[in-house]
Amino acid sequence: MIVKIFKNRLNDWDKALYKTSWKNLRLIHICLANSKSLTLGNIEVVFLPPNVTATFQPMNQEIIRCLKVHYNQQFLVKSIRTADDNLLVKVAVLDSIMMLINAWRQVYYKISLMKTNCHLLNG
C-alpha cells in the first residue's frame, strides 16, 4: 500500500513538473517504498543507503551548534551595546535576520572544511 501511494504521488508530481518543464532530483532515505522501477520524465529519484544518515547527522549537529554560538555572540554584543539601564533588549526582526546571516557567514568556512574532511574519510 505504501509503495502504491508513493508511486501515485510521484507520478502526479511528475505530470505537474512536465507542464512547467522543470526537472527535479529527489534524494530519499529511510523509505519503506524503496521502489527501483520508477520511470519518471522530470523527476530523478535516488534512494540513499541506510547508513547515510549516521554519516551526515553529526555534521548537521555541528553546523547547527556553530550557527547558534555565533548568533548568540552577536545577540549578546547587541544587548550590551543597546542596554541603557533597560532590562529588556528589543531586537527587530530585520536585526535578527541580519545577525543570522552574519552568523552563517562565520560558520561557512567551517562547513567547507567539514565537507572536505567527510569526503576524505569516505573515499
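Basis of the calculations
Residues numbered from 1 in each chain as written. Predicted model: local features only at pLDDT ≥ 70, side-chain atom pairs only at ≥ 80, totals over all residues. Heavy atoms only, no water. Helix = DSSP H or I, 4+ residues; strand = E, 2+ residues; numbered from the N terminus. Buried < 20%, exposed > 50% of the residue type's maximum accessible area, 1.4 Å probe, protein only. Contact = heavy atoms within 4.5 Å. Areas by Shrake-Rupley, 256 points an atom, 1.4 Å probe, with all protein chains shown as cover. Salt bridge = Lys/Arg side-chain N within 4 Å of Asp/Glu carboxyl O.

So, the overall build of the chain
A tally of helices and strands in the chain yields three helices and two strands. Going residue by residue from the N terminus, the α and β elements of the chain occur as α-β-β-α-α. The proportion of buried residues among the 123 residues of the chain is 20%. Within the chain, residue pairs in contact and separated by at least 24 positions form 58% of the contacts whose partners lie at least 6 positions apart. Carbon and sulfur atoms form 61% of the exposed surface of the chain, whose accessible area is close to 10000 Å².

Describing the pattern of salt bridges
Charged atoms that come close allow side chains of opposite charge to pair. Following the criterion strictly, the structure yields one salt bridge and no others. Of the charged contacts in the structure, one is a salt bridge between K78 and D95, with a shortest N-O distance of 3.5 Å. Taken together, the residues span a long stretch of sequence, with K78 in helix 2 (residues 52–82) and D95 in helix 3 (residues 93–122) at a distance of 17 residues. By relative accessible area, K78 is classed as partly exposed at 24%.

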